[in-house]
Amino acid sequence: AGTLWAIQFIKACDYTTMAAAVAYWFVTTNVEKDGCCGAAKCCRGWSSGLGFPKLLDAAWTVSTRHLGSLAFGSACITICQLLRLVLYAVHAATKQTKADRNFLVRFLFKCAMCALWCLEKCVEFVSYYAYVHIAIDGTSFCVACRDTFGLIVKYPAQTAINSLVKRLLCGVLLGLSTPFLASACCFLYLDSLDDFTASHSPLYSAAAVFVIAWFVASGISNVFEAILDTVYLCAFQDMSGGRCYLSASMRSALGIDAASEE
């Protein structure tokens, strides 16, 4: 339980830190000089640049103000995972008994496993959006979950599209294609070397490259997911709250000005 919680807590800190860095960019660097916020000089500080300074400032904010909320959110996900593990353990322990031969018992076990899996994914979905709300607004975890439910109720189609695009871009195109492409290039290159193939098989090297590329691509995918979620929430908060941090290009891409004129 402690290991599962520690893994979720590290992931939550990483996700919230990246979301905070993107939120800083959204309200500082992203603001148009001639927009309704003017030059936004009050917002521009040493954290308004790009790269490591912004990320360091975000890490300091998260580590000094939001660790309790992240720990609580990680505990909620961990509890769901523990419930699934306990159910799997009970199922494995009763496999050799007469109860497992009963169709109704097996059916109930499968339904319970499916329900707990859905519960875990729902809690993860709400929690990670809540982490972004914490990074943007500085609220507690419970308030951030309430805001997340409000966002889903108000923009259900946009939230579903954002999640679908995020999964396609990060999970499929980046998370799977990059390791396969890297391992294929490694295999073809080593297979073309006669000196190497004479004593070694390029398959093992390609497998090692696939594993390394998968870890690297997974880390990059997490960064893109945090960026997409943060920009999505910031943009829709601007649209619903009447704020003015959206740049002209983003307003044009979302069709805000055209909708206002209409």
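Preceding this section is the structure that the text describes.
Here's what I pulled together on the structure shown here. Note that this is a predicted model, so its numbers are computed, not measured.

**Quick look at the overall build of the protein chain**
Of regular secondary structure, the protein chain possesses 11 helices and 0 strands. Secondary structure elements of the protein chain, listed N to C terminal, follow the sequence α-α-α-α-α-α-α-α-α-α-α. When burial is assessed residue by residue, the protein chain has 35% of its 262 residues classed as buried. Of the contacts made within the protein chain by residues no fewer than 6 positions apart, 71% connect residues no fewer than 24 positions apart. Accessible area for the protein chain stands at about 15100 Å²; split by element, carbon and sulfur atoms hold 70% of it.

**As for the nonpolar core**
Within the largest apolar cluster, 32 residues are counted, with the highest numbers of intra-cluster contacts made by Leu 70, Tyr 131 and Tyr 232. For this core, the secondary-structure elements that each account for two or more residues are helix H1 (2-27), helix H2 (52-65), helix H3 (67-93), helix H4 (103-137), helix H5 (141-154) and helix H9 (202-241). If we skip the residues at most four places from it in the chain, Tyr 232 touches Tyr 129, Leu 151, Tyr 155, Gln 158, Thr 159 and Asn 162. By size, the runner-up hydrophobic cluster in this structure holds 6 residues, among which are Ala 23, Phe 26, Ala 235 and Leu 246.

**Observations regarding the pattern of salt bridges**
Enumeration over the complete set of coordinates arrives at 4 salt bridges. Measuring nitrogen to oxygen at the nearest pair gives 3.8 Å for the salt bridge that ties Glu 124 to Lys 121. Separated by 3 residues within a single helix, Glu 124 and Lys 121 lie in helix H4, roughly one turn from each other. Its relative accessible area of 17% is what places Glu 124 among the buried residues. Taking relative accessible area as the criterion, Lys 121 reaches 37% and is therefore assigned partly exposed. Its salt-bridge partner being Asp 147, residue Arg 146 comes within 3.3 Å of it at the nearest N-O pair. Judged by relative accessible area, which is 56%, Arg 146 ranks as exposed.

**Let's talk about a nonpolar patch on the surface**
Together, Ile 161, Leu 164, Val 165, Leu 168, Leu 169, Val 172, Leu 173, Leu 176 and Phe 180 make up an exposed nonpolar region whose accessible area comes to about 820 Å². Note that Val 172 resides in helix H6 (residues 156-174). What makes Val 172 partly exposed here is its relative accessible area of 42%.

**Quick notes on the packing of H1 against H2**
As a packed pair, H1 and H2 sit with axes 8 Å apart at the nearest point and diverge in direction by 120 degrees. Taken as axis vectors, H1 and H2 run oblique relative to one another. For the crossing formed where H1 meets H2, the hand is right-handed. Along the contact surface, H1 presents Thr 16, Thr 17, Met 18, Ala 20, Ala 21, Tyr 24 and Trp 25, while H2 presents Lys 54, Leu 55, Asp 57, Ala 58, Ala 59, Thr 61 and Val 62. Residues that form the contact of H1 with H2 fall into these classes: 9 nonpolar, 3 polar and 2 charged.

Parameters and conventions
Along each chain, the written sequence defines residue order, and numbers are assigned to residues from 1. In view of the model being predicted, local features appear only for residues whose pLDDT reaches at least 70, and side-chain atom pairs are presented and counted only at 80 or more, with totals across whole chains, interfaces and linings using the full set of residues. Working from all heavy atoms in the structure, the side-chain values ignore hydrogens and water. Runs of H or I in DSSP of at least four residues are treated as helices and runs of E of at least two as strands, each being numbered from the N terminus. A 1.4 Å probe rolled over the protein chains alone gives each residue an accessible area, and that area as a share of the maximum for its type sets the label: buried under 20%, exposed over 50%, partly exposed in between. Residue contacts follow a heavy-atom distance rule, with two residues in contact if any of their heavy atoms lie within 4.5 Å. Accessible areas in this description were obtained via Shrake-Rupley with a 1.4 Å probe; residue shielding takes into account the shown protein chains only. Side-chain atoms within 4.5 Å link the members of a nonpolar core, which is a set of buried Ala, Val, Leu, Ile, Met, Phe, Trp, Tyr and Cys residues. For this document, the term salt bridge refers to a Lys or Arg side-chain nitrogen within 4 Å of an Asp or Glu carboxyl oxygen. Patch criteria: residues need more than 30% relative accessible area and no salt bridge. Like-charged residues are merged within 9 Å; nonpolar side chains of Val, Leu, Ile, Met, Phe, Trp and Tyr are merged within 5 Å. Only the stretch in contact is used when a helix axis is fitted, and all axes are lines through C-alpha atoms; the angle between N-to-C directions ranges over 0 to 180 degrees. Should an angle fall under 35 degrees it is called roughly parallel, over 145 degrees roughly antiparallel, and 65 to 115 degrees roughly perpendicular, with every other angle called oblique. Left-handed describes a crossing in which the near helix is turned anticlockwise from the far one by less than a right angle; the clockwise case is right-handed. Gly falls in the polar group here, along with every residue not listed as nonpolar (Ala, Val, Leu, Ile, Met, Phe, Trp, Tyr, Cys, Pro) or charged (Asp, Glu, Lys, Arg).

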